[in-house]
Amino acid sequence: MKPILVVGGGPAGLVAAAGAAGVGRKVILVEAKDKLGGNPIHNHYSVFTPNQVDAETAMKEILSPVEKNPNVDVRLSTMVTAVEGEAPNLKVTLKGAKGEEKVDVGAAVIATGFEHFDPGRETQVYGYYEYDDVLTLLDAEKMLKAKQFLRPSNGQKPKSVCFIQCVGSRDRQIGNQWCSKVCCGIASQQSIEVKELLPDAKVFIFYIDMRTYGFWEDDIYWKAQEEKKVNYIRGIVTEITKRGDQLVIKGEDTTMGRPMEVPMDVVVLSVGMEPSPGTKAMAKMFNLPLEHHGWIGRAGNSPLNTVSTSRAGVFVAGAAGGPADLEDSTSQGGLAALKAVGYLNGLKA
Ligand SMILES: Cc1cc2nc3c(=O)[nH]c(=O)nc-3n(C[C@H](O)[C@H](O)[C@H](O)COP(=O)(O)OP(=O)(O)OC[C@H]3O[C@@H](n4cnc5c(N)ncnc54)[C@H](O)[C@@H]3O)c2cc1C
Ligand code: SF4
């Protein structure tokens, strides 16, 4: 029986691999980096939203079924370099530390995820590469995980911290015409963690509109606002400059309809998601059409079919198919495994 290939060892790929292996299928799990876990592990997430559990501990829940299952052949530091044929007769070339190898697989799940928007792009005006105290959500995750939220410029505790939402998302000028779905929740979660470490700091979130859907609204947004006294300000930040040793946020308070200029010790940019280079490369290699924003497209673009692509036997899961939170990613990973097994069992997938 031919194995199922899973490309990408993040939350979606891990659940897909464990799902197919759990029902007795052989799986080859290919991960480009030298460690499984995807963005939550590679980027040192602190706690998960919305349940606020330690991210590294929580990830063991989906890592150990893969690591313990002898049906999963994990290939770290490995890339897919060529794909020939059609499912269920795909011939895939893998390139790892020990050289190249051709494997025959019956179906494939692409779970190559997202990358973070680079806030240094020319259209951005937030001084990320100029000012030490301008951070991204990722930089903040690392500091919060270490339980040390200090100003990078001088190692002191910040007295004021703000988050700027929608950096690189919902932006027609740069062509990223999507909402990245998680950043309002993640910024609110991080603001709670900052207040827990630094109860005297003033914390602000500058937003266009807050999008904390489902239970995130109650568990994160209201907790930040009511319990932790985080200040949410509807406003557009157009520029960050420096005055003395402080940053200055310039823009417009859109509720009050007036210009604003606020000094700040630390600014966190809520950078959005873009398709990862691996997602773009796998789309080309597996000959998968992209949907019109540039992510891997789903067959029929139907909300009722979240993992099938236009190629029979090739499935997509998680953030390779568009902005996704962990619930989306792991749920789709499970569904992709089921559909891949169903496809190989001769069912219509
Ligand atoms: C700062 C931040 C915090 C977040 N916190 C939360 C949270 O608390 N709760 C929540 O629900 N969501 C959160 N998210 C969203 C969460 O990160 C994603 O939902 C999740 O990581 C998507 O999983 P994935 O497996 O689809 O992709 P990824 O996590 O991107 O994993 C993709 C994997 O594929 C690998 N890969 C890429 N290309 C190739 C290739 N060519 N060959 C082989 N392997 C390849 C990558 O190395 C990676 O391991 C957060 C996002 C950000 C930006
Ligand atoms: S989740 Fe919030 S910050 Fe992220 S793109 Fe959507 S509205 Fe903007």
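### Overview of the overall build of the protein chain
Then, in step 1: Helices and strands together make up the secondary structure of the protein chain, namely 8 helices and 17 strands.
Then, in step 2: The C-alpha radius of gyration computed for the protein chain amounts to 22 Å, which stays within 12% of the reference 20 Å derived for 349 residues, consistent with globular compactness.
Then, in step 3: Along the first, second and third principal axes, the C-alpha atoms of the protein chain reach 65 × 40 × 40 Å.
Then, in step 4: Burial analysis of the protein chain (349 residues in total) assigns 55% to the buried set.

### Section: the sheet that holds strand E2 (residues 27-30)
Then, in step 1: Taken in spatial order, the 5 strands of this open sheet run E3-E2-E1-E7-E17, and their pairing is parallel. Where the open sheet ends on each side, the last strands, each with one partner, are strand E3 (72-75) and strand E17 (314-316). The sheet shows a mean angle of 15° between the axes of neighbouring strands, taken without regard to direction.
Then, in step 2: Bridge count between strand E1 (residues 4-7) and E2: 4 bridges; the pairing is parallel. Bridging across to E2, Ile4 finds its partner in Val27.
Then, in step 3: Seen against the sheet, helix H1 (residues 11-22) touches E1, E2, E3 and strand E7 (107-110) and runs at an angle of roughly 170° to E2.

### Looking at the domain arrangement of the protein chain
Then, in step 1: Here the protein chain is partitioned into domain 1 (4-113 + 276-344) and domain 2 (117-272).
Then, in step 2: With centres defined by C-alpha atoms, the gap from domain 1 to domain 2 works out at 31 Å.
Then, in step 3: At the junction of the two partners, domain 1 supplies 15 residues and domain 2 supplies 21 residues.
Then, in step 4: Across the interface of domain 1 and domain 2, roughly 1,700 Å² is buried in total on both sides, 55% from carbon and sulfur atoms.
Then, in step 5: Counting every contact that joins domain 1 to domain 2 gives 2 salt bridges.
Then, in step 6: Here Lys145 makes a salt bridge to Glu56, at a shortest N to O gap of 2.6 Å.
Then, in step 7: Taken together, domain 1 and domain 2 are joined by 7 residue pairs in polar contact (both at pLDDT 80 or more).
Then, in step 8: Tallied by class, the residues present in the side of domain 1 that touches domain 2 amount to 6 nonpolar, 6 polar and 3 charged.

### Quick word on the sheet that holds strand E5 (residues 90-96)
Then, in step 1: Here we have 3 strands laid out as an open sheet, ordered E4-E5-E6, and antiparallel in their pairing. Both outer strands of the open sheet, strand E4 (79-84) and strand E6 (99-105), are each paired with one neighbouring strand and no more. With strand direction ignored, the average angle separating the axes of adjacent strands in the sheet is 25°.
Then, in step 2: Looking at chain direction, E5 and E6 are connected through 7 bridges and run antiparallel. The partner of Thr93 across the bridge, within E6, is Lys102.

### Observations regarding helix H4 (residues 137-145)
Then, in step 1: Leu137, Leu138, Ala140, Glu141, Met143 and Leu144 are the residues of H4 that are buried.
Then, in step 2: If you follow the buried residues of H4, they end up packed against strand E8 (114-116), strand E9 (134-136), strand E10 (160-167), helix H5 (183-197) and strand E15 (266-271).
Then, in step 3: Downstream of H4 by a residue or two, Lys147 has a phi angle that is positive, lying close to 55°.

How each quantity is defined
Residues numbered from 1 in each chain as written. Chains lettered and ligands numbered in written order. Predicted model: local features only at pLDDT ≥ 70, side-chain atom pairs only at ≥ 80, totals over all residues. Heavy atoms only, no water. Helix = DSSP H or I, 4+ residues; strand = E, 2+ residues; numbered from the N terminus. Rg over C-alpha atoms; globule rule 2.2 N^0.38 Å. Buried < 20%, exposed > 50% of the residue type's maximum accessible area, 1.4 Å probe, protein only. Pairing = 2+ DSSP bridges. Axes fitted to C-alpha atoms, helices over the stretch in contact; angles between N-to-C directions. Contact = heavy atoms within 4.5 Å. Domains from an automatic or database assignment. Buried area = accessible area lost by both parts, 1.4 Å probe. Salt bridge = Lys/Arg side-chain N within 4 Å of Asp/Glu carboxyl O. Polar contact = N/O pair within 3.5 Å; in protein donor to acceptor, adjacent residues only side chain to side chain. Nonpolar A, V, L, I, M, F, W, Y, C, P; charged D, E, K, R; others polar.

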